[in-house]
Amino acid sequence: MLINKDYKVKTVFFILLFTSFLTGCTSYGSRSYSLITPEVRSSTSDKKNVKITISSNVWNGNPENLPAYLTAFYIEIENNSDLPITVQYDDIVLIDQFRNQYNELLPDMASNIIVQKSKSKWYFHPSISIGFGSGGYYGGRYRGSYGIGYGGYGYGYPYNRNPFYWPYNHAYYNNYYSGYYDQDYSDLFTRSLVPGVIRPNARISGFVFFKKLPREVNTFELYISYRVESADKQYNLTFPYSVLVY
């Protein structure tokens, strides 16, 4: 059977057009991530008796998507003196180039941010259908019919529960999506830094969390203070950083 070339060309064109459409939809909701440099920075004070080391871009625990919603640092504080020192939550702050201050988030506050941000995300799932019809010879040429249709649906948390739109077992999908969104947040609590009194020749370490830095921020400073209890003296250390967005 002979098929008109023009008919075939139009069909291929529509297929390529909607393939590119689908490719664009898969990137829907993608975002840029930031790299904080330098990735390791350390400083000492009080005659090198107290050493503070900060590492950035090193979160590898659960939830895995934490860097998308929070700014995290791994901090190690070593007290090499013969006197106890004290570090509190409000002794660790971040100030950006616009002089906006970010206070350290407690683990439960950090987890709540991730939960709420994850629930508010929406996803777009396009669907496409292609139909062809047959024709015959009219006026000495083959005539055919074709059509391409597409559609999409979105769902967030909770997902679309319309029984007329989602004809599948709701109990099954409820468990499925519940498991997807109910991530493991244990590392956020067990691996966080717990400030307090650091005994002589001891050290503490863990992650600290801040709100996600806005895209317009490209430089900031991380401030850490501690006090020597017996001398009633406070020391302040400053760690400058840059942000690379890619």
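Definitions and cut-offs
- Residues numbered from 1 in each chain as written.
- Predicted model: local features only at pLDDT ≥ 70, side-chain atom pairs only at ≥ 80, totals over all residues.
- Heavy atoms only, no water.
- Helix = DSSP H or I, 4+ residues; strand = E, 2+ residues; numbered from the N terminus.
- Buried < 20%, exposed > 50% of the residue type's maximum accessible area, 1.4 Å probe, protein only.
- Contact = heavy atoms within 4.5 Å.
- Salt bridge = Lys/Arg side-chain N within 4 Å of Asp/Glu carboxyl O.
- Expected span 1.5 Å × (residues − 1).
- Arc of directions from axis to C-beta.
- Core = buried A, V, L, I, M, F, W, Y, C linked by side-chain atoms within 4.5 Å.
- Pairing = 2+ DSSP bridges.
- Axes fitted to C-alpha atoms, helices over the stretch in contact; angles between N-to-C directions.
- pLDDT = per-residue confidence, 0-100.
- Polar contact = N/O pair within 3.5 Å; in protein donor to acceptor, adjacent residues only side chain to side chain.

Some words on the overall build of the protein
Turning to step 1, where the next piece is worked out: Summing up its helical and strand segments, the protein has 4 helices and 15 strands in all.
Turning to step 2, where the next piece is worked out: Per-residue burial for the protein yields a buried fraction of 33% across its 246 residues.
Turning to step 3, where the next piece is worked out: Taking all contacts inside the protein whose residues are at least 6 apart in sequence as the whole, residues at least 24 apart take part in 67%.

Looking at the pattern of salt bridges
Turning to step 1, where the next piece is worked out: One pass over the structure, following the stated rule, counts 2 salt bridges.
Turning to step 2, where the next piece is worked out: With its nearest N and O atoms 3.5 Å apart, the salt bridge here joins Glu-76 to Arg-203. Of this pair, Glu-76 sits in strand 4 (residues 70-79) while Arg-203 sits in strand 13 (residues 202-211); the two residues are 127 residues apart in sequence, bridging distant segments of the chain.
Turning to step 3, where the next piece is worked out: Overall, the relative accessible area of 54% leaves Arg-203 in the exposed class.
Turning to step 4, where the next piece is worked out: Across the pair Arg-227 and Asp-91 runs a salt bridge, and its minimum N-O distance is 2.8 Å. Remark: Asp-91 occurs in the loop between strand 5 (85-87) and strand 6 (92-96) and Arg-227 occurs in strand 14 (residues 219-228); sequence separation between them is 136 residues.

Some details on helix 2 (residues 107-119)
Turning to step 1, where the next piece is worked out: The first and last C-alpha atoms of helix 2 sit 18 Å apart over 13 residues, in line with the 18 Å expected at 1.5 Å per residue.
Turning to step 2, where the next piece is worked out: Here helix 2 has its buried residues at Pro-107, Ala-110, Ser-111, Ile-114 and Ser-118. Down the axis, helix 2 shows its buried residues gathered within 95° of arc, on one side only.

Describing the nonpolar core
General note: in soluble globular proteins, nonpolar side chains tend to be found buried as a group.
Turning to step 1, where the next piece is worked out: One finds Ile-52, Ile-54, Phe-73, Ile-75, Ile-77, Ile-92 and Leu-222 to be the most contacted residues of the largest nonpolar core, which totals 29 residues.
Turning to step 2, where the next piece is worked out: When contributions to this core are tallied by element, the ones reaching two or more residues are strand 3 (50-56), strand 4, strand 5, strand 6, strand 13, strand 14 and strand 15 (233-245).
Turning to step 3, where the next piece is worked out: If near-sequence neighbours (up to four positions away) are discounted, Ile-75 is found in contact with Ile-52, Thr-53, Ile-54, Ile-92, Leu-193, Ile-204, Ser-205, Gly-206, Val-208 and Ile-224.

Some points on the sheet that holds strand 3
Turning to step 1, where the next piece is worked out: One open sheet holds the 4 strands; their spatial order is 2-3-4-13, and the pairing between them is antiparallel. The open sheet has two free edges, formed respectively by strand 2 (40-45) and strand 13, since each of these has just one partner strand. The mean angle between the axes of side-by-side strands here comes to 20°, regardless of whether they run parallel or antiparallel.

Notes on the side chain of Glu-76
Turning to step 1, where the next piece is worked out: By relative accessible area, which is 19% here, Glu-76 ends up buried.
Turning to step 2, where the next piece is worked out: If we skip the residues at most four places from it in the chain, Glu-76 touches Lys-51, Ile-52, Thr-53, Arg-203, Ile-204 and Ser-205.

So, the pairing of strand 2
Each regular strand displays side chains that alternate between the two surfaces of the sheet.
Turning to step 1, where the next piece is worked out: One ladder, built from 6 bridges, connects strand 2 with strand 3; its direction is antiparallel. Its bridge partner lying in strand 3, Ser-42 is registered against Thr-53.
Turning to step 2, where the next piece is worked out: Connecting the antiparallel pair strand 2 and strand 3 is a turn made up of 4 residues, with Asp-46 showing a positive phi of about 55°.

Some remarks on the confidence of the model for the protein
Turning to step 1, where the next piece is worked out: Summing up the model confidence of the protein, the mean pLDDT is 76 and the portion of residues at 70 or higher is 60%.
Turning to step 2, where the next piece is worked out: Across residues 20-31, where pLDDT falls below 50, the model places 10 contacts with residues more than four positions away in sequence or in other chains.
Turning to step 3, where the next piece is worked out: The low-confidence segment residues 152-180 (pLDDT under 50) makes 40 contacts with residues lying over four places distant or belonging to another chain.

Digging into the side chain of Ser-45
Turning to step 1, where the next piece is worked out: In this structure, Ser-45 sits in strand 2.
Turning to step 2, where the next piece is worked out: Assessed through its relative accessible area of 13%, Ser-45 is described here as buried.
Turning to step 3, where the next piece is worked out: A distance of 2.4 Å separates the side chain of Ser-45 from the side chain of Tyr-226, its partner in a polar contact.

Points about unusual backbone geometry
Turning to step 1, where the next piece is worked out: In this structure, Pro-38 follows Thr-37 across a cis peptide bond, with omega equal to -5°.
Turning to step 2, where the next piece is worked out: Summarising the element assignment, Pro-38 is placed in the loop between strand 1 (34-37) and strand 2.
Turning to step 3, where the next piece is worked out: That bond from Asn-62 to Pro-63 is cis: its omega, 0°, falls within 30 degrees of zero.
Turning to step 4, where the next piece is worked out: By the element assignment, Pro-63 lies in the loop between strand 3 and strand 4.
Turning to step 5, where the next piece is worked out: Positive phi values are uncommon outside glycine, yet Asn-201 reaches one of about 55°.
Turning to step 6, where the next piece is worked out: Along the chain, Asn-201 turns up in the loop between strand 12 (196-198) and strand 13.

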